[in-house]
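Okay, here's what each chain looks like letter by letter:
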Amino acid sequence: MTQTSEARETYDVHAVQEKWLPVWDELAPFRSGDPDDPRPPMYVLDMFPYPSGDLHMGHAEAYALGDVVARYWIQRGYNVMHPIGWDSFGLPAENAAIKRGVDPRAWTYDNIRIQRESMRRYACSFDWDRVLHTSDPEYYRWNQWLFLRFFEKGLAYRKPSLVNWCPKDQTVLANEQVVGGLCERCDTPVTKKKLTQWYFGITGYADRLLEDMAALRGSWPEKVLTMQRNWIGRSTGADVEFAIEGRGEPVTVYTTRPDTLHGATFFVVAADSDLAAELAMGSPAEGEFTQYVGKVRAESEIERLSTDREKTGIFLHRYAVNPVNGERLPIWAADYVLADYGHGAIMAVPAHDQRDLDFARAFDLPVRVVVDTGDEDPASSGIATSGEGRLVNSGPLDGLDKAAAIARITDLLVEGRNGRAAVNYRLRDWLISRQRYWGTPIPIVHCPTCGEVPVPEDQLPVELPPSEGLDMQPKGTSPLGGANEWVSVDCPRCGGPATRDTDTMDTFVDSSWYFLRFTAPHRNDVPFDPDEVARWLPVAQYVGGVTHAILHLLYARFFTKVLYDLGMVAFTEPFTRLLNQGMVGMNGSSMSKSRGNLVRLSDELDAHGVDAVRLTMVFAGPPEDDIDWADVSAHGSARFLARAWRLSGDVQSAPGVDASAGDEGLRRQTHRAVDEATRALESFRFNVAVARVMELVNVTRKAVDSGCGAADPAVREAVEAVAVMLSLFAPFTAEEMWARLGHQPTVARTGWPVVDPALLVEESVTCVVQVAGKLRDRIDVPPDVSDETLRELALASRSVQRALEGRGVRTVVVRAPRLVNVVPA
RNA sequence: GCCCCGAUAGGCCAACUGGCAGAGCCGAUGGUCUCAAACACCAUUCAGUGUGGGUUCGAAUCCCACUCGGGGCACCA
């Protein structure tokens, strides 16, 4: 191999970075707000960050991937809106305030400044004209405004309930923020507490959240859809009313197995429910019951969740009456029945429900089989049977199968007016109150005479009082309660003395509609501009971590449907396509916020340069896979980029030279590389697209050194294609190459290379000839060879004849022009 | 316990609707350069696709069972 450049130039990545940043600042190639822009609009959105310190490896991966998508569609001629903002309310700011005595506001905005500058240096293709921060009063006023719309529709309401409580953060948590019984933020075991809190009525949207997922199939990861489906947890069954001896009102229970109604042998109410307390009152077991409830309340979620714990409960000395046969069922209070699911009470059918059977065996209660499944009697086996079978011991249901029995009993219950078909959801209403400072104040005034009074719109935003002088220490009530002057207000309705609600909203409220605000972040008269929303939304491509598969994405979908019902948007799903990127780890351990950063992004950027880090993130594998930084090589990426850059200095033809006169072999390789890279990009196989560019660099290097030579116009065509394609992954290198090729900045807006289909057609293809599925010969044929000709060519092959060993030919499978399979007799 | 997803070279990963298992990167080995090393460059290397069946002319790809790994839900009646 000839050595073309003796004194090899070296590629100074850091100098190149410093060179182009100010140029891009000046050109602002990613502005999307020109109303006369003729390009078709497209909305590409990265999940916005929380401003906790500087960017880390996870951000670097996410924004590298989001940038590939945004920059690709820009090259394809779209006016891409790719905005960024900060999800800047939340606990860490407050914790920093407590720990270091700094103002949460100052801490937050300092971090935003740092992250913003890091994003600039990382060459993120954001439209910097559209920045928003959810902690700005101009933003959170619209949280409050939307809250009031929800309140008017009855979708925001207050109720007393047992709520998840984090003893460390001293605040309530939504169901979604309790992970495996631990606080999502601080991993403290969560307990229950009875509090009156604000909720959003998401359960009323459960069916729509479920059904509308059909439209997302194929464009959202199946995994995310499955997780949402599980979370919503729809089940169908029946409500059945049981009379209670000595009580006027019957009690309704929900069951998914109404067919087993005749198998009920006892009745259980949730120990921590109001109903249990009422039934226990005056009973001989009252004292025992009170003690039991105390114990249950004190238990942490983690204890409750343990599956192999023993069943506990108290017999209340009361009886329920089975509506189908008049049997008296003893009523027990137990903690295995949940107060906030269904009606907080169940009919227990131990023969066909494992939990009921475990309880029956613990307390020696009868077991009656009503579905003959052919399995061993649960009373002796200890295993409840839930399979198919014929109904027995069930009066009018005897002989029916499960489905028929469910239909029949449901009809009978309706006739007897003591039951009906029913649907239940695992999903609970969304608890949005937080007893913290750094969030959106809930715009409600509590008046002793008028009750809950909304703050009038012209008084929005209800701004947070200064943090100075407020006690931020977690103490179970909001720090805002200490801001006496702020709390005391005149009731907007009657003018009398009243107090503000001192809780703040869950920060997931902020992120449930921010994607709408990006269309016009500076409008202060509306939350978002309907015309702009119509122009840009729904988001064509959303990019973010799978950690938000349930929480954020479910809430945002819910908000969108509510806004649709309010007539504010014309679509019901906010994100048309979703790409989940994986996480970045090191040597098998993850690098999450809580576990500390094993690899510092700034170190990697210093060592290898921005482009090499970005390229490594994209090239490491499919975007949704996790990356182990130990498995990939930023150094290898840097080496490749230097090789690509070197090519741009080798090109000897002039800009604008006619490529059609160039070397055809190289031209074919170039056009095929662009074609394949394009297809890979559109199906999110970014790593494959990068491989195609690497391949093109390799063949171009060979063409320069030992092929057509550096002066051939095909070399320029190839290197220009490399530069444009690299602009998605390695913007600095691409820009520098573009300049060295004699062009003006910026390569980011140059346009995607156009593939000449004529150059994709091969002159001849290698046809594989198999005998009995085994490779026996290869023959070169024209790409348009006919089946007939190919068949004859193959049969004429000496290797084929040898492989046939004189046997006859049974069939010949011909797939022109690539393959022939000769099947011997 | 239930439900998803995955398993291809020493590592990370490719392989369009079933059709030559290998595109790319890392590593390793050899060479060039060097006083030497590092860097760089050139070249070489390695699997028959987790296991067992099935469908097919033909299976990494489709089907069934299992193993291992990852994830989700889990006392939700």
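Residues numbered from 1 in each chain as written. Chains lettered and ligands numbered in written order. Predicted model: local features only at pLDDT ≥ 70, side-chain atom pairs only at ≥ 80, totals over all residues. Heavy atoms only, no water.

Q: Looking at this structure, how should I read the overall build of chain A?
A: Secondary structure assignment for chain A yields 27 helices and 34 strands. Projected onto the principal axes, the alpha-carbon positions of chain A cover approximately 100 × 85 × 45 Å. Residues counted as buried form 55% of the 825 residues belonging to chain A. Nonlocal contacts in chain A, meaning residues at least 24 apart in sequence, comprise 72% of its contacts between residues at least 6 apart. Counting every atom, chain A has about 35,000 Å² of accessible surface; 49% of that belongs to carbon and sulfur. (Helix = DSSP H or I, 4+ residues; strand = E, 2+ residues; numbered from the N terminus. Buried < 20%, exposed > 50% of the residue type's maximum accessible area, 1.4 Å probe, protein only. Contact = heavy atoms within 4.5 Å. Areas by Shrake-Rupley, 256 points an atom, 1.4 Å probe, with all protein chains shown as cover.)

Q: In this structure, what is going on with the side chain of Thr373? I would like to understand it.
A: One can find Thr373 in the loop between β16 (371–372) and α12 (378–381). A distance of 3.0 Å separates polar atoms of two side chains, one belonging to Thr373 and the other to Asp375. Aside from chain neighbours lying at most four places away, what touches Thr373 is Thr385, Gly387, Glu388 and Gly389. (Polar contact = N/O pair within 3.5 Å; in protein donor to acceptor, adjacent residues only side chain to side chain.)

Q: Where do I start with the packing of helix α3 (residues 91–100) against helix α4 (residues 104–121) in this structure?
A: Think of two packed helices as two axes; the pair is described by the angle between the axes and how far apart they sit. Viewed as axis vectors pointing N to C, α3 and α4 meet at an angle of 120°, and their least axial separation amounts to 8 Å. Here α3 lies oblique to α4, going by the angle between them. Regarding α3 and α4, the two cross each other, and that crossing is right-handed. Here Pro92, Ala93, Ala96, Ala97 and Arg100 of α3 lie close against α4, whose contacting residues are Pro104, Trp107 and Thr108. When grouped by side-chain class, the residues that make up the contact of α3 with α4 number 6 nonpolar, 1 polar and 1 charged. (Axes fitted to C-alpha atoms, helices over the stretch in contact; angles between N-to-C directions. Parallel < 35°, antiparallel > 145°, perpendicular 65-115°, else oblique. Left-handed = near helix turned anticlockwise from the far one by under 90°. Nonpolar A, V, L, I, M, F, W, Y, C, P; charged D, E, K, R; others polar.)

Q: I tried to follow the pairing of strand β1 (residues 41–46) on my own but got confused; where do I start?
A: Working note: regular strand, side chains alternate between the two faces of the sheet. Burial runs high along β1: 5 of the 6 residues are buried. Relative to strand β2 (residues 79–81), β1 runs parallel, the two being bridged by 3 bridges. Paired with Met42 across the strands is Val80, a residue of β2. Handedness of the β-α-β unit built from β1, helix α2 (residues 57–75) and β2 comes out right-handed. Note: β1 against strand β26 (residues 541–545), 3 bridges, orientation parallel. Bridge pairing in β26 links Leu45 to Tyr542. (Pairing = 2+ DSSP bridges. Right-handed = clockwise from strand over helix to strand, strands pointing away.)

Q: Can you help me understand a negative patch on the surface in this one?
A: A contiguous patch of negative charge on the surface is contributed by Asp372, Asp375, Glu376 and Asp377. For Glu376, the location among the structural elements is in the loop between β16 and α12. With a relative accessible area of 52%, Glu376 lands in the exposed category. (Patch = residues over 30% accessible without salt bridge, like charges linked within 9 Å, V, L, I, M, F, W, Y side chains within 5 Å. Salt bridge = Lys/Arg side-chain N within 4 Å of Asp/Glu carboxyl O. Lys, Arg positive; Asp, Glu negative; His and termini not counted. Charge placed at Lys NZ, Arg CZ, Asp CG, Glu CD.)

Q: What should I look at first to understand the sheet that holds strand β32 (residues 774–781) in this one?
A: Remark on secondary structure: sheet strands pair via backbone hydrogen bonds, oriented parallel or antiparallel. On the basis of which strands lie adjacent, the open sheet formed by 4 strands has the order β32-β31-β34-β33 and mixed pairing. Two strands bound the open sheet, and with one partner strand each, they are β32 and β33 (809–815). Along the sheet, successive strands turn relative to each other by an average axial angle of 20°, direction set aside. Note: strand β31 (residues 765–771) against β32, 7 bridges, orientation antiparallel. Paired with Thr766 across the strands is Asp780, a residue of β32. The strands that helix α26 (residues 787–796) touches are β31, β32, β33 and β34 (819–824); relative to β33, the one it contacts most, it runs at about 125°.

Q: Would you explain the confidence of the model for chain A in this entry?
A: Fine structural detail should not be taken from predicted coordinates in areas where pLDDT scores are low. Looking at chain A as a whole, its pLDDT mean stands at 88, while 97% of the residues score no less than 70. Interface confidence for the predicted complex, given as ipTM, is 0.93, next to a pTM of 0.90. (pLDDT = per-residue confidence, 0-100.)

Q: Just to check I follow, could you spell out unusual backbone geometry for this structure?
A: Excluding glycine, residues mostly carry a negative phi; peptide bonds, for their part, are mostly trans. Cis geometry is adopted by the peptide bond preceding Pro461, which originates at Leu460 and carries an omega value of -5°. Residue placement: Pro461 occurs in the loop between β22 (451–454) and α14 (484–487). The omega torsion across Pro745 and Thr746 is 10°, close enough to zero to call that bond cis. Its location among the elements puts Thr746 in the loop between α25 (731–740) and β31. You will see that Phe684, though not glycine, has its phi angle at about 65°, which is positive. Within the fold, Phe684 resides in the loop between α22 (664–682) and α23 (686–706). We classify Phe684 as buried; its relative accessible area is 17%.

Q: Got a minute to help me understand the nonpolar core in this structure?
A: Within soluble globular proteins, side chains that are nonpolar generally end up buried alongside one another. With 91 residues, the main nonpolar core has Phe147, Phe200, Trp430, Phe515, Leu516 and Phe558 as its most contacted residues. Setting aside chain neighbours within four positions, we find Leu516 in contact with Phe528, Val533, Leu537, Leu563, Val569 and Phe571. Grouped together as the second largest cluster of nonpolar side chains are 90 residues, Val69, Ala123, Leu666 and Ala748 included. (Core = buried A, V, L, I, M, F, W, Y, C linked by side-chain atoms within 4.5 Å.)

Q: Is there a simple way to explain the pattern of salt bridges in this structure?
A: Between side chains of opposite charge, a pair can form as their charged atoms come close. Here the structure, examined in full by the defined rule, presents 43 salt bridges. Glu682 is paired through a salt bridge with Arg76; the nearest N and O atoms lie 3.7 Å apart. Pair noted here: Glu682 is in helix α22 and Arg76 is in the loop between α2 and β2, with a separation of 606 residues, a long-range link. Here Glu682 falls in the partly exposed class, since its relative accessible area comes to 36%.

Q: I'm lost on helix α24 (residues 713–726) in this one. Help?
A: Turn by turn, an α-helix covers 3.6 residues, leaving residues three or four places apart pointing in a common direction. Under the 1.5 Å per step criterion, the end-to-end length of α24 is 20 Å for 14 residues, consistent within 8% with the ideal 20 Å. Among the 14 residues in α24, 14 count as buried, and that is most of the element. For α24, the side-chain oxygen to backbone nitrogen distance between the N-cap and Ala714 is 2.7 Å, and the N-cap itself is Asp712. (Expected span 1.5 Å × (residues − 1).)

Q: It is not clear to me how the sheet that holds strand β24 (residues 497–500) should be interpreted in this structure. Could you clarify?
A: If you walk across this open sheet you meet the 4 strands as β22-β21-β24-β23, and the pairing is antiparallel. Here the strands that pair on one side only, and so sit at the sheet edges, are β22 and β23 (488–490). Strand-to-strand, the axes of this sheet are offset by a mean angle of 40°, without reference to chain direction. Note that strand β21 (residues 444–447) and β22 share 4 bridges and pair antiparallel.

Q: How should the protein's contact with RNA strand B be read in this particular structure?
A: By nearness alone, 52 residues border RNA strand B, and Thr256, Arg309, Arg355, Arg426 and Arg778 come closest of all. Taking all atoms of RNA strand B within 4 Å of the protein, the share assigned to sugar and phosphate is 63%. The separation between a base oxygen of RNA strand B and a polar side-chain atom of Arg428 is 2.3 Å. The contact in question runs from a sugar or linking oxygen of RNA strand B to an N or O atom on the backbone of Ala620, over 2.9 Å. Broken down by secondary-structure element, the contributors of at least two residues to the surface near RNA strand B are α7 (222–232), β11 (251–255), α10 (301–305), α21 (634–650), α23, β31, β33 and β34. Examining the composition of the surface near RNA strand B, we find that 8 residues originate from one element, α23, more than from any other. Of the residues in the surface near RNA strand B, the class split is 20 nonpolar, 12 polar and 20 charged. (Near = heavy atom within 4 Å.)

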